[in-house]
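# Chains, contacts and geometry: an overview
Here is what each chain is made of, one letter per residue.
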Amino acid sequence: MAYLSLKDVNKIYPNGFHAVHNFNLDIEQGEFIVFVGPSGCGKSTTLRMIAGLENISKGDFFINGKRANEIGPREREVAMVFQSYALYPHMSVYDNMAFGLSLQGVDEDVIEKRVSETARILGLTDYLDRKPRALSGGQRQRVAVGRAIIRKVGIFLMDEPLSNLDAKQRVTMRSEITDIHRKVGATTIYVTHDQTEAMTMADRIVVMKDGYIQQVGSPYELYFKPVNMFVAGFIGEPPMNFITSEVKDGKVQIGKAELALEKILDKENYDNGKSLVVGYRPEAIVLGAKENSVVVKAIVELTELLGDNTNVYVDIDGVKSILKVDPHDTPEMDTEVEFSIPYDSIYLFDKETENVIENKLRQL
Ligand code: ATP
(Lines give C-alpha, C1' and ligand atoms only; values in the text may rest on other atoms or scores of the structure.)
Protein backbone atom coordinates (compact mmCIF):
# COMPACT_ATOMS: atom_id res chain seq x y z
CA MET A 1 0.00 0.00 0.00
CA ALA A 2 1.11 3.56 -0.72
CA TYR A 3 2.46 5.75 2.08
CA LEU A 4 -0.73 7.82 2.21
CA SER A 5 -3.95 6.43 0.86
CA LEU A 6 -7.39 8.02 0.60
CA LYS A 7 -10.18 5.59 -0.29
CA ASP A 8 -13.58 6.98 -1.27
CA VAL A 9 -13.16 9.87 1.14
CA ASN A 10 -16.17 12.17 1.47
CA LYS A 11 -16.82 15.30 3.48
CA ILE A 12 -20.34 16.32 4.36
CA TYR A 13 -20.38 19.38 6.62
CA PRO A 14 -22.87 19.53 9.53
CA ASN A 15 -25.10 21.87 7.47
CA GLY A 16 -25.45 19.06 4.91
CA PHE A 17 -23.09 20.56 2.31
CA HIS A 18 -21.26 17.78 0.46
CA ALA A 19 -17.83 19.40 -0.07
CA VAL A 20 -15.74 16.38 -1.16
CA HIS A 21 -17.02 13.39 -3.16
CA ASN A 22 -15.37 9.94 -3.34
CA PHE A 23 -11.80 11.21 -3.24
CA ASN A 24 -9.37 8.42 -4.15
CA LEU A 25 -5.62 8.96 -4.14
CA ASP A 26 -2.46 7.03 -3.32
CA ILE A 27 0.62 9.08 -2.44
CA GLU A 28 4.12 7.62 -2.35
CA GLN A 29 6.67 8.56 0.30
CA GLY A 30 8.54 11.72 -0.63
CA GLU A 31 6.14 12.82 -3.37
CA PHE A 32 5.24 16.47 -3.87
CA ILE A 33 1.51 16.51 -4.58
CA VAL A 34 -0.41 19.68 -5.46
CA PHE A 35 -4.18 20.02 -5.10
CA VAL A 36 -5.33 22.69 -7.52
CA GLY A 37 -8.71 24.06 -8.53
CA PRO A 38 -10.94 27.12 -8.29
CA SER A 39 -12.12 28.57 -5.00
CA GLY A 40 -14.54 26.30 -3.18
CA CYS A 41 -13.62 23.07 -5.00
CA GLY A 42 -12.71 21.27 -1.75
CA LYS A 43 -8.91 21.51 -1.72
CA SER A 44 -8.57 22.85 1.84
CA THR A 45 -11.26 20.54 3.16
CA THR A 46 -9.36 17.52 1.81
CA LEU A 47 -6.07 18.80 3.22
CA ARG A 48 -7.70 19.40 6.61
CA MET A 49 -9.06 15.85 6.64
CA ILE A 50 -5.52 14.58 5.99
CA ALA A 51 -4.24 16.81 8.81
CA GLY A 52 -6.91 15.50 11.16
CA LEU A 53 -8.44 18.96 11.59
CA GLU A 54 -11.72 17.84 9.97
CA ASN A 55 -13.30 14.47 10.46
CA ILE A 56 -13.88 12.23 7.45
CA SER A 57 -17.62 11.75 6.90
CA LYS A 58 -17.28 8.62 4.77
CA GLY A 59 -14.35 6.59 3.45
CA ASP A 60 -10.92 5.67 4.80
CA PHE A 61 -7.57 7.35 5.20
CA PHE A 62 -4.39 5.32 5.72
CA ILE A 63 -0.93 6.44 6.81
CA ASN A 64 1.70 3.82 6.12
CA GLY A 65 -0.96 1.16 5.74
CA LYS A 66 -2.61 1.98 9.07
CA ARG A 67 -6.16 3.36 9.14
CA ALA A 68 -5.85 6.89 10.47
CA ASN A 69 -9.43 8.26 10.43
CA GLU A 70 -9.62 8.37 14.21
CA ILE A 71 -6.02 9.35 14.91
CA GLY A 72 -5.71 12.91 16.30
CA PRO A 73 -3.74 15.61 14.48
CA ARG A 74 -0.79 15.47 16.90
CA GLU A 75 -0.32 11.73 16.54
CA ARG A 76 -0.42 11.91 12.73
CA GLU A 77 3.11 13.33 12.58
CA VAL A 78 2.09 16.04 10.13
CA ALA A 79 3.26 19.64 10.01
CA MET A 80 1.08 22.29 8.45
CA VAL A 81 1.92 25.69 6.95
CA PHE A 82 -0.98 28.09 6.54
CA GLN A 83 -1.60 31.09 4.33
CA SER A 84 -1.42 33.40 7.34
CA TYR A 85 2.03 32.58 8.67
CA ALA A 86 0.71 32.48 12.25
CA LEU A 87 4.05 33.50 13.78
CA TYR A 88 4.26 34.71 17.37
CA PRO A 89 4.89 38.47 16.99
CA HIS A 90 6.63 38.93 20.36
CA MET A 91 9.09 36.06 19.78
CA SER A 92 12.32 36.15 17.79
CA VAL A 93 12.78 34.01 14.69
CA TYR A 94 14.82 31.61 16.82
CA ASP A 95 12.07 31.27 19.43
CA ASN A 96 9.34 30.96 16.83
CA MET A 97 11.15 27.98 15.35
CA ALA A 98 12.18 26.52 18.72
CA PHE A 99 8.82 26.88 20.46
CA GLY A 100 7.19 23.65 19.28
CA LEU A 101 10.24 21.61 20.25
CA SER A 102 10.43 23.27 23.69
CA LEU A 103 6.81 22.33 24.31
CA GLN A 104 7.68 18.74 23.48
CA GLY A 105 10.44 18.90 26.08
CA VAL A 106 13.28 18.45 23.61
CA ASP A 107 16.74 19.20 25.12
CA GLU A 108 18.03 22.76 24.69
CA ASP A 109 21.22 21.69 22.87
CA VAL A 110 19.23 19.52 20.44
CA ILE A 111 16.90 22.47 19.80
CA GLU A 112 19.84 24.75 19.14
CA LYS A 113 21.31 22.32 16.65
CA ARG A 114 18.02 21.87 14.84
CA VAL A 115 17.29 25.62 14.70
CA SER A 116 20.69 26.39 13.25
CA GLU A 117 20.42 23.56 10.72
CA THR A 118 16.90 24.68 9.67
CA ALA A 119 17.97 28.32 9.51
CA ARG A 120 20.85 27.31 7.25
CA ILE A 121 18.56 25.40 4.86
CA LEU A 122 16.22 28.39 4.71
CA GLY A 123 18.80 31.16 4.59
CA LEU A 124 17.62 32.59 7.92
CA THR A 125 20.85 32.36 9.89
CA ASP A 126 21.34 36.13 9.93
CA TYR A 127 17.79 36.81 11.10
CA LEU A 128 17.49 34.55 14.13
CA ASP A 129 17.37 37.47 16.62
CA ARG A 130 14.79 39.48 14.73
CA LYS A 131 11.09 39.72 15.50
CA PRO A 132 8.67 38.84 12.68
CA ARG A 133 7.71 42.51 12.14
CA ALA A 134 11.30 43.22 11.06
CA LEU A 135 11.12 40.63 8.26
CA SER A 136 9.83 40.79 4.70
CA GLY A 137 6.80 38.70 3.72
CA GLY A 138 9.03 36.12 2.08
CA GLN A 139 11.27 35.85 5.16
CA ARG A 140 8.22 35.44 7.42
CA GLN A 141 6.95 32.69 5.17
CA ARG A 142 10.34 30.99 5.42
CA VAL A 143 10.12 31.10 9.23
CA ALA A 144 6.67 29.51 9.00
CA VAL A 145 8.13 26.79 6.77
CA GLY A 146 11.06 26.46 9.19
CA ARG A 147 8.71 25.93 12.09
CA ALA A 148 7.17 23.05 10.21
CA ILE A 149 10.32 21.33 8.95
CA ILE A 150 12.14 21.62 12.28
CA ARG A 151 9.78 19.00 13.67
CA LYS A 152 11.22 16.46 11.22
CA VAL A 153 7.85 14.88 10.55
CA GLY A 154 7.22 12.77 7.49
CA ILE A 155 4.23 14.67 6.12
CA PHE A 156 4.17 18.30 5.20
CA LEU A 157 0.86 20.04 4.44
CA MET A 158 0.73 23.54 2.95
CA ASP A 159 -2.43 25.56 2.35
CA GLU A 160 -1.84 28.43 -0.11
CA PRO A 161 1.40 29.36 1.67
CA LEU A 162 2.43 31.97 -0.93
CA SER A 163 -0.79 33.87 -1.41
CA ASN A 164 0.23 36.79 0.83
CA LEU A 165 3.40 37.45 -1.15
CA ASP A 166 3.86 39.72 -4.14
CA ALA A 167 4.42 38.24 -7.59
CA LYS A 168 8.22 38.38 -7.44
CA GLN A 169 8.45 36.88 -3.94
CA ARG A 170 6.09 34.11 -5.01
CA VAL A 171 8.40 33.09 -7.84
CA THR A 172 11.40 33.04 -5.47
CA MET A 173 9.58 31.13 -2.72
CA ARG A 174 8.24 28.64 -5.27
CA SER A 175 11.72 27.47 -6.13
CA GLU A 176 12.81 27.67 -2.48
CA ILE A 177 10.01 25.37 -1.39
CA THR A 178 10.84 22.81 -4.12
CA ASP A 179 14.48 23.09 -3.09
CA ILE A 180 13.62 22.49 0.58
CA HIS A 181 11.50 19.53 -0.48
CA ARG A 182 14.48 18.09 -2.30
CA LYS A 183 16.71 18.55 0.78
CA VAL A 184 14.22 17.41 3.44
CA GLY A 185 12.39 14.78 1.39
CA ALA A 186 9.13 14.90 3.37
CA THR A 187 5.95 13.83 1.61
CA THR A 188 4.31 17.13 0.75
CA ILE A 189 0.74 18.07 -0.11
CA TYR A 190 0.40 21.63 -1.31
CA VAL A 191 -2.89 23.43 -1.94
CA THR A 192 -3.19 26.30 -4.41
CA HIS A 193 -5.62 27.81 -6.90
CA ASP A 194 -2.66 28.90 -9.04
CA GLN A 195 -1.98 26.60 -11.98
CA THR A 196 1.54 28.00 -12.44
CA GLU A 197 2.45 26.98 -8.87
CA ALA A 198 0.97 23.56 -9.53
CA MET A 199 2.81 23.11 -12.82
CA THR A 200 6.19 24.26 -11.54
CA MET A 201 6.25 22.52 -8.15
CA ALA A 202 4.37 19.24 -8.37
CA ASP A 203 5.48 15.70 -9.01
CA ARG A 204 1.79 15.04 -9.51
CA ILE A 205 -1.16 17.41 -9.66
CA VAL A 206 -4.70 16.66 -8.50
CA VAL A 207 -7.15 18.92 -10.36
CA MET A 208 -10.43 19.39 -8.47
CA LYS A 209 -13.77 20.96 -9.31
CA ASP A 210 -16.96 21.10 -7.21
CA GLY A 211 -15.62 18.53 -4.76
CA TYR A 212 -14.68 15.99 -7.43
CA ILE A 213 -11.24 14.97 -8.69
CA GLN A 214 -11.08 15.75 -12.40
CA GLN A 215 -7.65 14.30 -13.16
CA VAL A 216 -4.46 13.20 -11.41
CA GLY A 217 -1.17 13.29 -13.29
CA SER A 218 2.23 14.83 -13.82
CA PRO A 219 2.30 18.45 -15.04
CA TYR A 220 3.32 17.07 -18.45
CA GLU A 221 0.37 14.67 -18.60
CA LEU A 222 -2.13 17.32 -17.58
CA TYR A 223 -0.84 19.80 -20.14
CA PHE A 224 -0.65 17.40 -23.08
CA LYS A 225 -3.36 14.89 -22.20
CA PRO A 226 -6.16 16.63 -20.32
CA VAL A 227 -9.14 14.31 -19.90
CA ASN A 228 -11.81 16.99 -20.21
CA MET A 229 -12.48 20.63 -21.05
CA PHE A 230 -12.17 21.74 -17.44
CA VAL A 231 -8.61 20.46 -17.06
CA ALA A 232 -7.69 21.62 -20.58
CA GLY A 233 -8.92 25.14 -19.76
CA PHE A 234 -7.47 25.25 -16.25
CA ILE A 235 -3.91 24.20 -17.04
CA GLY A 236 -2.04 26.59 -19.35
CA GLU A 237 -1.85 30.37 -19.55
CA PRO A 238 -3.52 31.94 -21.51
CA PRO A 239 -6.04 29.09 -21.43
CA MET A 240 -6.81 26.74 -24.28
CA ASN A 241 -9.08 28.17 -27.00
CA PHE A 242 -12.41 26.42 -27.57
CA ILE A 243 -14.63 26.57 -30.65
CA THR A 244 -17.90 24.63 -30.87
CA SER A 245 -18.84 23.10 -34.19
CA GLU A 246 -21.35 20.57 -35.50
CA VAL A 247 -20.09 17.59 -37.47
CA LYS A 248 -21.03 17.74 -41.15
CA ASP A 249 -19.86 15.08 -43.60
CA GLY A 250 -17.06 14.02 -41.23
CA LYS A 251 -15.80 17.57 -40.82
CA VAL A 252 -15.94 20.37 -38.27
CA GLN A 253 -15.42 24.08 -38.87
CA ILE A 254 -12.96 26.49 -37.30
CA GLY A 255 -14.36 29.70 -38.69
CA LYS A 256 -14.43 29.08 -42.44
CA ALA A 257 -11.62 26.50 -42.25
CA GLU A 258 -12.53 22.83 -42.24
CA LEU A 259 -11.02 19.98 -40.25
CA ALA A 260 -11.59 16.49 -41.62
CA LEU A 261 -12.00 14.39 -38.47
CA GLU A 262 -10.29 11.35 -40.03
CA LYS A 263 -7.00 13.27 -39.90
CA ILE A 264 -6.90 13.09 -36.12
CA LEU A 265 -9.49 10.55 -34.98
CA ASP A 266 -9.50 6.79 -35.31
CA LYS A 267 -13.26 6.64 -35.70
CA GLU A 268 -14.17 9.45 -38.00
CA ASN A 269 -17.81 8.47 -38.44
CA TYR A 270 -19.36 10.98 -36.13
CA ASP A 271 -23.03 11.50 -36.77
CA ASN A 272 -24.00 14.52 -38.75
CA GLY A 273 -25.14 17.22 -36.38
CA LYS A 274 -23.16 16.00 -33.33
CA SER A 275 -21.69 18.94 -31.41
CA LEU A 276 -17.96 18.85 -30.80
CA VAL A 277 -15.64 21.39 -29.23
CA VAL A 278 -12.32 22.01 -30.96
CA GLY A 279 -9.54 23.04 -28.58
CA TYR A 280 -6.10 24.44 -29.34
CA ARG A 281 -3.52 26.14 -27.16
CA PRO A 282 -2.52 29.75 -27.89
CA GLU A 283 1.13 28.68 -28.07
CA ALA A 284 0.47 25.77 -30.45
CA ILE A 285 -0.23 27.90 -33.53
CA VAL A 286 2.19 28.92 -36.26
CA LEU A 287 1.64 32.10 -38.29
CA GLY A 288 1.03 31.59 -42.01
CA ALA A 289 -0.18 28.54 -43.92
CA LYS A 290 1.63 25.31 -43.00
CA GLU A 291 1.26 21.66 -43.93
CA ASN A 292 -0.50 19.07 -41.77
CA SER A 293 -2.50 21.85 -40.15
CA VAL A 294 -5.82 23.59 -40.27
CA VAL A 295 -5.22 27.04 -41.76
CA VAL A 296 -7.46 29.66 -40.17
CA LYS A 297 -8.14 33.31 -41.00
CA ALA A 298 -9.04 35.74 -38.23
CA ILE A 299 -9.30 39.45 -37.49
CA VAL A 300 -6.83 40.90 -34.96
CA GLU A 301 -8.70 42.80 -32.25
CA LEU A 302 -5.97 43.50 -29.71
CA THR A 303 -2.31 42.72 -29.15
CA GLU A 304 -0.51 42.57 -25.80
CA LEU A 305 3.27 42.66 -25.87
CA LEU A 306 4.54 40.75 -22.82
CA GLY A 307 8.24 40.78 -23.62
CA ASP A 308 9.01 37.17 -24.45
CA ASN A 309 5.81 36.84 -26.50
CA THR A 310 2.75 38.72 -27.67
CA ASN A 311 -0.81 37.65 -26.92
CA VAL A 312 -2.94 38.32 -29.99
CA TYR A 313 -6.71 38.47 -29.38
CA VAL A 314 -8.52 37.50 -32.55
CA ASP A 315 -12.05 37.05 -33.83
CA ILE A 316 -12.73 33.96 -35.96
CA ASP A 317 -16.15 34.48 -37.52
CA GLY A 318 -17.60 35.77 -34.26
CA VAL A 319 -15.68 33.43 -31.90
CA LYS A 320 -12.81 34.83 -29.80
CA SER A 321 -9.40 33.17 -29.53
CA ILE A 322 -5.99 34.08 -28.17
CA LEU A 323 -2.78 33.34 -30.10
CA LYS A 324 0.71 33.49 -28.66
CA VAL A 325 3.28 34.76 -31.15
CA ASP A 326 6.87 35.93 -31.21
CA PRO A 327 6.92 39.70 -30.44
CA HIS A 328 8.74 40.33 -33.72
CA ASP A 329 5.78 38.83 -35.59
CA THR A 330 3.11 40.88 -33.80
CA PRO A 331 0.37 41.58 -36.38
CA GLU A 332 -1.33 44.98 -36.76
CA MET A 333 -4.66 45.50 -35.06
CA ASP A 334 -7.78 45.38 -37.28
CA THR A 335 -5.94 43.39 -39.96
CA GLU A 336 -6.53 39.82 -41.07
CA VAL A 337 -4.10 37.22 -39.77
CA GLU A 338 -3.60 33.73 -41.15
CA PHE A 339 -2.40 30.99 -38.82
CA SER A 340 -2.02 27.22 -38.75
CA ILE A 341 -3.02 24.77 -36.04
CA PRO A 342 -0.98 21.57 -36.50
CA TYR A 343 -3.19 18.48 -36.55
CA ASP A 344 -1.27 16.89 -33.69
CA SER A 345 -1.99 19.79 -31.36
CA ILE A 346 -5.74 19.88 -31.90
CA TYR A 347 -8.02 18.64 -29.12
CA LEU A 348 -11.59 17.52 -29.63
CA PHE A 349 -14.16 17.29 -26.88
CA ASP A 350 -17.67 15.92 -26.80
CA LYS A 351 -19.80 19.02 -26.26
CA GLU A 352 -22.27 17.13 -24.11
CA THR A 353 -19.95 15.27 -21.72
CA GLU A 354 -17.02 17.72 -22.12
CA ASN A 355 -14.71 14.68 -22.19
CA VAL A 356 -11.78 14.56 -24.58
CA ILE A 357 -11.90 12.43 -27.72
CA GLU A 358 -8.44 10.95 -28.22
CA ASN A 359 -6.37 12.57 -31.02
CA LYS A 360 -4.55 9.59 -32.61
CA LEU A 361 -1.55 11.77 -33.50
CA ARG A 362 -0.76 12.85 -29.95
CA GLN A 363 1.90 10.88 -28.10
CA LEU A 364 3.00 11.56 -24.55
P1 ATP B 1 -10.45 28.19 -1.36
O2 ATP B 1 -9.38 28.18 -2.41
O3 ATP B 1 -11.43 29.31 -1.56
O4 ATP B 1 -9.97 28.03 0.03
P5 ATP B 1 -11.12 25.39 -1.40
O6 ATP B 1 -11.07 24.64 -2.67
O7 ATP B 1 -10.01 25.20 -0.45
O8 ATP B 1 -11.37 26.91 -1.69
P9 ATP B 1 -12.81 24.50 0.75
O10 ATP B 1 -12.36 25.52 1.72
O11 ATP B 1 -12.33 23.12 0.91
O12 ATP B 1 -12.51 24.99 -0.73
O13 ATP B 1 -14.40 24.51 0.72
C14 ATP B 1 -15.14 23.63 -0.11
C15 ATP B 1 -16.61 23.94 0.02
O16 ATP B 1 -17.05 23.61 1.32
C17 ATP B 1 -16.94 25.41 -0.19
O18 ATP B 1 -18.11 25.51 -0.94
C19 ATP B 1 -17.12 25.93 1.21
O20 ATP B 1 -18.05 27.00 1.22
C21 ATP B 1 -17.67 24.72 1.93
N22 ATP B 1 -17.33 24.74 3.36
C23 ATP B 1 -16.13 24.92 3.91
N24 ATP B 1 -16.15 24.87 5.25
C25 ATP B 1 -17.46 24.64 5.57
C26 ATP B 1 -18.17 24.48 6.80
N27 ATP B 1 -17.54 24.51 7.98
N28 ATP B 1 -19.51 24.27 6.73
C29 ATP B 1 -20.14 24.20 5.54
N30 ATP B 1 -19.53 24.34 4.34
C31 ATP B 1 -18.21 24.55 4.35
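These remarks concern the structure in this document.

Bringing the site of the ligand into the picture now. Around the ligand, 13 residues are found, and the nearest of them are S39, G40, G42, S44 and T45. In the environment of the ligand, an oxygen atom lies 3.0 Å from a nitrogen or oxygen atom belonging to the backbone of C41. Separating an oxygen atom of the ligand from a side-chain N or O atom of T45 is a distance of 2.5 Å. Considering the ligand on its own, with 640 Å² of exposed area, one finds that the protein chains cover 62% of that surface. Among the elements that make up the shell around the ligand, the one with the highest residue count is helix α1 (residues 43-51) (three residues). In terms of residue class, the shell around the ligand is made up of five nonpolar, six polar and two charged.

Looking now at the environment of I111. Along the chain, I111 turns up in helix α3 (residues 108-122). A residue is classified by how much of its surface remains accessible, and I111, at 0% relative accessible area, is buried. The contacts of I111, once residues within four sequence positions are left out, are Y94, A98, L101, S102 and V106.

Looking now at the nonpolar core. One finds M97, F156, I177, Y190 and V207 to be the most contacted residues of the largest nonpolar core, which totals 45 residues. Ranked by size, the runner-up nonpolar core spans 30 residues in total, among them I243, L265, V294 and I346.

As a further point, take the sheet that holds strand β18 (residues 319-325). As summarised here, the arrangement of the five strands in space is β15-β19-β16-β17-β18, forming an open sheet in which the pairing is antiparallel. Either end of the sheet is taken by a strand with one partner, and the two such strands are β15 (286-287) and β18. When β15 meets strand β19 (residues 336-342), the two strands line up antiparallel, connected through two bridges. Within β19, the residue paired with L287 across the bridge is F339.

About the criteria used
- Residues numbered from 1 in each chain as written.
- Predicted model: local features only at pLDDT ≥ 70, side-chain atom pairs only at ≥ 80, totals over all residues.
- Heavy atoms only, no water.
- Near = heavy atom within 4 Å.
- Polar contact = N/O pair within 3.5 Å; in protein donor to acceptor, adjacent residues only side chain to side chain.
- Areas by Shrake-Rupley, 256 points an atom, 1.4 Å probe, with all protein chains shown as cover.
- Helix = DSSP H or I, 4+ residues; strand = E, 2+ residues; numbered from the N terminus.
- Nonpolar A, V, L, I, M, F, W, Y, C, P; charged D, E, K, R; others polar.
- Buried < 20%, exposed > 50% of the residue type's maximum accessible area, 1.4 Å probe, protein only.
- Contact = heavy atoms within 4.5 Å.
- Core = buried A, V, L, I, M, F, W, Y, C linked by side-chain atoms within 4.5 Å.
- Pairing = 2+ DSSP bridges.

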